Amino acid sequence: MPMGINFGREVCGDFGQAQAREWLVTNGVGGYASGTVAGLLTRRYHGLLVAALQPPLGRTLMLAKLDDTALYGDRFYSLHANRWADGTIGPHGYRHLERFALEGNIPVWRYACADALLEKRVWMQPGANTTYIHYQLVRATQPLMLTLKAMVNYRDYHSNTQADGWRMTIVPEEHGVYVSAYPEAVQLHLTSDRAEITATHDWYYGFELSAERDRGLNDRDDHLHAATFQATLQPGESLTLIASTERKLERDGETALKLRRAYEHKLLGLWHSNRPVDNRDIPAFANQLVLAADQFIVQRSTPEEPHGKTIIAGYPWFSDWGRDTMISLPGLTLATGRPEIAQSILRTYARHVDQGMLPNRFPDAGERPEYNTVDATLWFFEAVRAYYGVTEDDDLVQELFPVLADIVDWHCRGTRYNIHLDSADGLLYAGETGVQLTWMDAKVGDWVVTPRIGKPIEVNALWYNALRTMAKLARIVGKPHQEYEAMADRILARFTRFWHPELGYCYDVLDGPDGDDASLRPNQLFAVSLPESPLTAAQQKGVVDTCGRALLTSHGLRSLDPNHPDYRGTYGGDQRQRDGAYHQGTVWGWLIGPFVLAHLRVYGDPVKARQFLEPMASQFYTHGIGNLSEIFDGDAPMKPQGCIAQAWTIAEVLRAWLATEIEK
């Protein structure tokens, strides 16, 4: 597979740039590996094996890193890098890094040691908490001896380790060692296809995590040197180290690499075979979107759906959220030619509907799902509609229709958090003090930053779209549809309340505790971009033009008008500062999708609409390599922030890219 994303020494040898660019590989069950181009740890979430011990959650850091050193001729080359608690950096292994590239989703480091060239690859086995680290001596005029120090841990990925005398058990086994953090812990197996292995027990104290320091969090971590792997490579030979929670696995690195490449080729094959236009015109950008999309689709088994699926909202720290899952589903599954995964996700979430609400979040520790969202449930209707539009799967509609009908009934009579239909105008009301129900859900302690109590515009646009969808689905399953049509007609007649004729755009929230909120936010775009729009053509144009002039950036839309007194143009600082800016001006990448679709609806010009997506391609190189970030600063140059890889950003950019495609 060709390397589409790569950097030379101009980035790799520049410490500031090399530590700012992060890579990610995933395993489809919630586990992952992630780090920096420079090779040093900057986040508590970095590691070569962050295993999902209770898929898709229970994420536990098990192998933090490898300190790798090459002896070539009579010279040692340290290939790794560390930053220590006193601020010093040592060694500076990135200085030997001649090239970094993505080979599909596989990161590749190419180290130049005199006339020797050593390549390192990292990937995970799909469906297993297993990471492969593969070294190959591509070029040399004499043997090269490689020494790898395995730094292990055993902690929740949200926490830090202060060793304080912690003794782990390290036991030799065939082809490696296993590490047991304590008797009840899941064992980590470190094996190799050819290395000599020496078990040890030596804590390294005071790794400094600069990204956590910048977030106002604990920035110190300790890791245990548990074993050393050593092998001498002749030119052309390779060495593989495997970190896994499983004892039996494929030890042949070349075979495992072929299987991983075949997996990615299959993903692209599905995508290409389901496209309606000539595949010869697909840019590398679109192919990378498809490969990135797969990283978020993970297993969530239930007794009724043992092979159930869900969507991780973002890496490295988010779990699966109902809202993010439903918004992302069309782009990650349907657009990529994988409707069977969409079906599994819809079934999985349908089984968790409670009092007419979809769960907002499945907690990391496996407690009861949280039901504190008004819009995730309404996005469920749109996901079902999109799925049926691709598959015409009458059986699934028949299966889900009672759940959908029950959701409508609960919303009409009222459910949690004062979510209810207002009999006066047919609009949906939601919210109460101290609770954040919409996607603008930042909360610090008791402070709800954007409470949006009342009738939020995107909630009612979704409600209208859901009722029109229900009328169509009712016809498919042979159920009465007139009541859903009547409710939708009533909303259509009263939706004009959202229009502010003097300002030329829509109110963000009606009937709130302090009246109507005319803050200019991007939420009104959904009243244009959803399949069923309750706005007139003139109003749709007003929304698109106003949002385009005030909120649009190269990387998404600002969450608040820069002229608003509460606008925050940069995202950073401690949690209160960060969350205070999260929806008060911060740019959200996923919103570029609804904007492009709304623009396409208003202007009917796919070429011009696609131009708004083009700047996102450069983001593959800047933050999460081969991925798209969660958020960006509101002020130029809109620096990427938050998660390095966000499901709905990838999904909506891909969906909008397809919507603006022109058949030739």
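Please refer to the structure higher up on the page.
Here's a quick rundown of the structure.

Conventions adopted
- Residues numbered from 1 in each chain as written.
- Predicted model: local features only at pLDDT ≥ 70, side-chain atom pairs only at ≥ 80, totals over all residues.
- Heavy atoms only, no water.
- Helix = DSSP H or I, 4+ residues; strand = E, 2+ residues; numbered from the N terminus.
- Buried < 20%, exposed > 50% of the residue type's maximum accessible area, 1.4 Å probe, protein only.
- Salt bridge = Lys/Arg side-chain N within 4 Å of Asp/Glu carboxyl O.
- Phe/Tyr/Trp six-rings, centres within 6.5 Å; stacked < 30°, edge-to-face > 60°.
- Lys NZ or Arg CZ within 6 Å of the ring centre and 35° of its normal.
- Pairing = 2+ DSSP bridges.
- Expected span 1.5 Å × (residues − 1).
- Bend = angle between axes of the 7 residues up to and from the residue.
- Contact = heavy atoms within 4.5 Å.
- Polar contact = N/O pair within 3.5 Å; in protein donor to acceptor, adjacent residues only side chain to side chain.

**Quick look at unusual backbone geometry**
P56 follows P55 through a cis peptide bond whose omega is 5 degrees. Mapped onto the elements of the fold, P56 is located in the loop between β4 (47-54) and β5 (57-72). The backbone of H175 shows a phi angle near 70 degrees, a positive value even though the residue is not glycine. Here H175 lies in the loop between β14 (169-173) and β15 (176-180). Classification of H175 by relative accessible area gives partly exposed; the value is 33%. With a phi angle near 55 degrees, M638 is a residue other than glycine that sits in the positive phi range. Mapped onto the elements, M638 comes out in the loop between β35 (631-632) and β36 (640-641). On the basis of relative accessible area, M638 is assigned to the buried category, the value being 11%.

**A short note on the pattern of salt bridges**
One pass over the structure, following the stated rule, counts 41 salt bridges. Between R338 and D294 there is a salt bridge, with its nearest N and O atoms 2.8 Å apart. Remark: D294 occurs in helix α5 (residues 284-294) and R338 occurs in the loop between α6 (322-334) and α7 (339-350); sequence separation between them is 44 residues. Overall, D294 belongs to the buried group, its relative accessible area being 7%. Of the charged contacts, one joins D425 and K455 as a salt bridge, the two residues approaching to 2.8 Å between their closest N and O atoms. Residue D425 is found in the loop between β23 (420-421) and β24 (428-429), and its partner K455 is found in strand β27 (residues 455-456); the two are separated by 30 residues along the sequence. The buried category is assigned to D425, whose relative accessible area is 2%. Overlapping salt bridges bring together R83, E208, R213, D214, D219 and R220 as one network.

**Some words on the packing of aromatic side chains**
Aromatic ring pairs are described here by two measures, namely the spacing of the ring centres and the angle between the planes. Counting across every chain of the model gives 28 aromatic pairs. Ring geometry for F296 and Y315: centres 5.7 Å apart, planes at 40 degrees, overall tilted. Residue F296 is located in the loop between α5 and β20 (297-299), and its partner Y315 is located in strand β22 (residues 314-315); the two are separated by 19 residues in the primary sequence. Of the residues examined, F296 reaches a relative accessible area of 0% and is grouped as buried. The class for Y315 is buried, based on a relative accessible area of 0%. Members of the aromatic cluster, joined through ring pairs, are W379, W439, F526, Y571, Y582, W588, W590 and W648. Between the NZ or CZ atom of R215 and the centre of the ring of W317, over which it lies, the distance is 4.4 Å.

**Brief notes about the sheet that holds strand β31 (residues 515-517)**
An order of β27-β30-β31 is seen for the three strands of this open sheet, with the pairing classed as antiparallel. Looking at strand neighbours, the two that pair on one side only are β27 and β31, the edges of this open sheet. As defined by bridge partners, β27 adjoins strand β30 (residues 509-512) across two bridges and the pair is classed as antiparallel. Paired with K455 across the bridge in β30 is L510.

**Remarks on helix α9 (residues 394-413)**
In this model, α9 (20 residues) spans 29 Å end to end at C-alpha, consistent with the 28 Å of a helix rising 1.5 Å per residue. For α9, the principal kink sits at L400 and spans about 40 degrees; a proline, P402, occurs within the next four residues. Within α9 the residues assigned to the buried category are L396, V397, L400, F401, L404, A405, I407, V408 and H411. Those residues of α9 that are buried are in contact with α7, α8 (375-391), β23, β24, α10 (457-477) and α11 (482-494). The N-capping residue of α9, defined by a side-chain oxygen 3.2 Å from the backbone nitrogen of D395, is D393. Immediately downstream of α9, the backbone of G414 shows phi near 105 degrees, a positive value.

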